[in-house]
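Survey of secondary and tertiary structure
Here are the chains, one letter per residue:
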Amino acid sequence: MVFASLEFLTLFLPLFFALYLVTPQNYRNHTLLVGSWIFYAWWTPKFLILIIALTLLAWGAAILIDKTQDEKWKTRWMAWAIVLNLASLVWYKYTNMLVSTLNEFLTGRQMEALPWEHVMLPIALSFTVLHAISYVVDVRRKVVPAQYDVLAFSAYMAMFPHLIAGPIVRYKVIDKELRERVFSMEKFSLGVRRFMIGFSMKVLIADTLAPVVALCFGLKHPGFWDAWIGCIAYTFQLYFDFAGYSAMAIGLGLMLGFHFEENFNNPYLAVSIQDFWRRWHQTLSSWLRDYLYISLGGNRQGPLRTYVNLMLTMAIGGLWHGGDNWNYLIWGIIQGTALCCDRAFTQRGYSMPDYASRALTMLTVMFAWTIFRATGFDNALGMWAGQLGLHGFGIQDEVILALRPMIILTFLIGLVCVVYPATSIAKRGGLGVMSWSMLWPVLTFSYGVIVLAGQKAVPFLYFQF
């Protein structure tokens, strides 16, 4: 079940809020927990056991850290919790890729491939692991107190608005609201508005561009225009899909009385790749900084070690995104290399005009998005060759046919929303012209529901991560 689906809008959400609102204040975490477990089990019930197990592991480890007097044992409990969480992630996310790589190596040398049954990736596992690790580490660092109420902690871990694809909500952000939060019509109305804006971004822009992206990335020898149309379409699709999901999650959180952190801040207006990562998937960027980059030493051990730490952080961040192939690792290495170059450039006192730095940043971002979207390394090489004009400068007939007036209009609407964003996402509840009044969210949401009724619900792109 996804947010942008009729079953969620007409069945789960109304029933859940009807029960949530009549539940006494002291028991709303119970209703939230049960509702979140039902929401998750709607997809595959058996993997709910894994989510519960990881929740109990983090909860128990934090209590052991809190009760243990020996500092070494505190660190050991934290380390074991991290190792077990990462072990589950490695098994479900990367075993298929590792075995596939090994079998390619064996068959290439005329050796028998290993028998292997594909391991299914549980949805939300990556985000569950990040939430668990950040909580345990924060307890060890004494940033937050250990939560002894297992139901309250389970509600935090399983909370359906952020469970599937973020934003990453650190425990310290909603610790007080887990214990006490006040429902108000003002917050509920603002949450509904944010949800409607996110829904419109997903259904009306991201999903409309999806067929063009699939077509262009499916071409064997894309020409210059084929490749760039596909790349630009994916650049918009990914942004409006993921930013739309984040807006919906933040809106649902407000409707429940929680304040989640913003996840996007007009990233395509960034003036550098460092600025881009301050604006794109902000909760993941800050997580990588606080729990990985700083733990590796950050920039405290000289320039060379700083560059190594940047590369490692982004490479690991790339690996976290996927386990189907090595494209995500390469994407992370590209991002790390760009960050290192940007840092070296600025630290030497060099600069360039804003228009040039924005253009260079977007070219770098789109160059990296190509391999992020590609189905394999060969597919990425083909798209890159097309972008460089190595397959000619024509445009294939099927691409011309796919560019219907509605697609072109969607491009233009997306461009306006990116280039002329709202002054403040936090205050206005969204981005672009859709956030300038309450009328736009209502109209676009209503139209989005009509569009959704005539098609199958499209999963969010970040569900695969």
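Residues numbered from 1 in each chain as written. Predicted model: local features only at pLDDT ≥ 70, side-chain atom pairs only at ≥ 80, totals over all residues. Heavy atoms only, no water.

1. Things to note about the overall build of the protein
A tally of helices and strands in the protein yields 20 helices and zero strands. For 465 residues, the compact-globule estimate of 2.2 N^0.38 gives 23 Å, and the protein sits close to it at 23 Å. Projected onto its principal axes, the C-alpha positions of the protein cover 65 × 55 × 55 Å. Within the protein, buried positions represent 56% of all 465 residues. (Helix = DSSP H or I, 4+ residues; strand = E, 2+ residues; numbered from the N terminus. Rg over C-alpha atoms; globule rule 2.2 N^0.38 Å. Buried < 20%, exposed > 50% of the residue type's maximum accessible area, 1.4 Å probe, protein only.)

2. As for the environment of Ala-81
Locating Ala-81 in the fold gives a position in helix H4 (residues 71-108). When the C-alpha positions of Ala-81 and Ala-453 are compared, they lie 44 Å apart, and in sequence the two are 372 residues distant. Dropping the residues within four chain positions of it, Ala-81 is found in contact with Leu-57, Ala-61 and Val-136. (Contact = heavy atoms within 4.5 Å.)

3. Some words on the packing of aromatic side chains
Throughout the structure, instances matching the rule amount to 55 aromatic pairs. Where Tyr-135 meets Phe-153, the ring centres are 4.4 Å apart and the plane angle is 40°; that geometry is what we call tilted. Of this pair, Tyr-135 sits in helix H5 (residues 125-140) while Phe-153 sits in helix H6 (residues 150-158), placing them 18 residues apart in sequence. The pair Tyr-135 / Phe-153 is uniform in exposure class, with both members buried. Against the face of Tyr-20 rests Arg-28, its NZ or CZ located 5.2 Å from the ring centre. Here Arg-76 stacks its cationic end above the ring of Trp-73, 4.8 Å away from the centre of that ring. (Phe/Tyr/Trp six-rings, centres within 6.5 Å; stacked < 30°, edge-to-face > 60°. Lys NZ or Arg CZ within 6 Å of the ring centre and 35° of its normal.)

4. As for the packing of helix H3 (residues 48-67) against H6
One can describe the packing of H3 onto H6 by two numbers: an axis separation of 10 Å at closest approach and a directional angle of 125°. One way to sum up the angle between H3 and H6 is to call them oblique. The handedness of the crossing between H3 and H6 is right-handed. Note on element contacts: H6 touches H3 through Val-150, Phe-153, Ser-154 and Met-157, opposite Thr-55, Leu-56, Ala-58 and Trp-59. Along the lines of polarity and charge, the residues of the contact of H3 with H6 split into six nonpolar, two polar and no charged. (Axes fitted to C-alpha atoms, helices over the stretch in contact; angles between N-to-C directions. Parallel < 35°, antiparallel > 145°, perpendicular 65-115°, else oblique. Left-handed = near helix turned anticlockwise from the far one by under 90°. Nonpolar A, V, L, I, M, F, W, Y, C, P; charged D, E, K, R; others polar.)

5. Comments concerning the environment of Gly-448
Within the element layout of this structure, Gly-448 appears in helix H20 (residues 439-453). Under the relative-accessibility criterion, Gly-448 is labelled buried at 0%. Each C-alpha atom, one on Gly-448 and one on Thr-95, is 39 Å from the other, the two residues being 353 residues apart in sequence. Non-local contacts of Gly-448, meaning those with residues more than four positions away in its chain, are made with Phe-199, Val-203 and Leu-204.

6. Re the side chain of His-321
Mapped onto the secondary structure, His-321 falls in helix H13 (residues 303-321). Judged by relative accessible area, which is 2%, His-321 ranks as buried. A distance of 2.8 Å separates a polar atom in the side chain of His-321 from the backbone oxygen of Gly-317. (Polar contact = N/O pair within 3.5 Å; in protein donor to acceptor, adjacent residues only side chain to side chain.)

7. Description of the confidence of the model for the protein
Atom-level detail of predicted coordinates should not be read off regions where pLDDT is low. Put simply, the protein has an average pLDDT of 89, and 95% of its residues get 70 or more. Predicted confidence is poor over residues 422-436, with pLDDT under 50, and the contacts of this stretch with residues over four places away or in other chains come to 45 contacts. (pLDDT = per-residue confidence, 0-100.)

8. Examining the pattern of salt bridges
On inspection of all chains with the given rule, the structure shows nine salt bridges. In this structure, Asp-175 and Arg-179 form a salt bridge, with 3.5 Å as the shortest nitrogen-oxygen distance. Linking Asp-175 with Arg-179, this pair stays in helix H8 (residues 171-179), spanning four residues, or about one helical turn. On the accessibility criterion, Asp-175 (10% relative accessible area) is buried. On the basis of relative accessible area, Arg-179 is assigned to the exposed category, the value being 56%. Ionic contacts of the salt-bridge type, sharing partners, join the residues Arg-170, Arg-289 and Asp-290 into one network. (Salt bridge = Lys/Arg side-chain N within 4 Å of Asp/Glu carboxyl O.)

9. What about the packing of helix H9 (residues 185-217) against helix H18 (residues 405-419)?
Closest axis-to-axis distance for the H9/H18 pair is 10 Å, and the angle between their directions is 130°. In terms of orientation, H9 lies oblique with respect to H18. When you trace H9 past H18, the crossing you get is left-handed. When H9 is examined against H18, the residues Leu-204, Ile-205, Thr-208, Leu-209 and Val-212 are found in contact with a partner set consisting of Met-406, Ile-407, Thr-410, Phe-411, Ile-413 and Gly-414. Considering only residue class, the contact of H9 with H18 consists of eight nonpolar, three polar and no charged.

10. What about H6?
One full turn of an α-helix is made of 3.6 residues, so residues set three or four places apart face in the same direction. With seven of nine residues buried, H6 is to be regarded as a mostly interior element. Each element contacted by the buried residues of H6 is listed here: helix H2 (28-41), H3, H5, helix H7 (160-163) and H8. Its side-chain oxygen at 3.0 Å from the backbone nitrogen of Leu-151, Asp-149 defines the N-terminal cap of H6.

11. Section: the state of the cysteines
Under the defined criterion, the tally for this structure stands at zero disulfides. This cysteine, Cys-216, is not joined by any disulfide, and Cys-231 carries the nearest cysteine sulfur, 10 Å off. (Disulfide = S-S within 2.5 Å.)

12. Re H5
With 16 residues, H5 should cover 22 Å at 1.5 Å per step; its first-to-last C-alpha distance of 23 Å lies within 8% of that length. Most of H5 sits out of view: 16 of its 16 residues are buried. Just beyond H5, the residue with positive phi is Lys-142, at close to 65°. (Expected span 1.5 Å × (residues − 1).)

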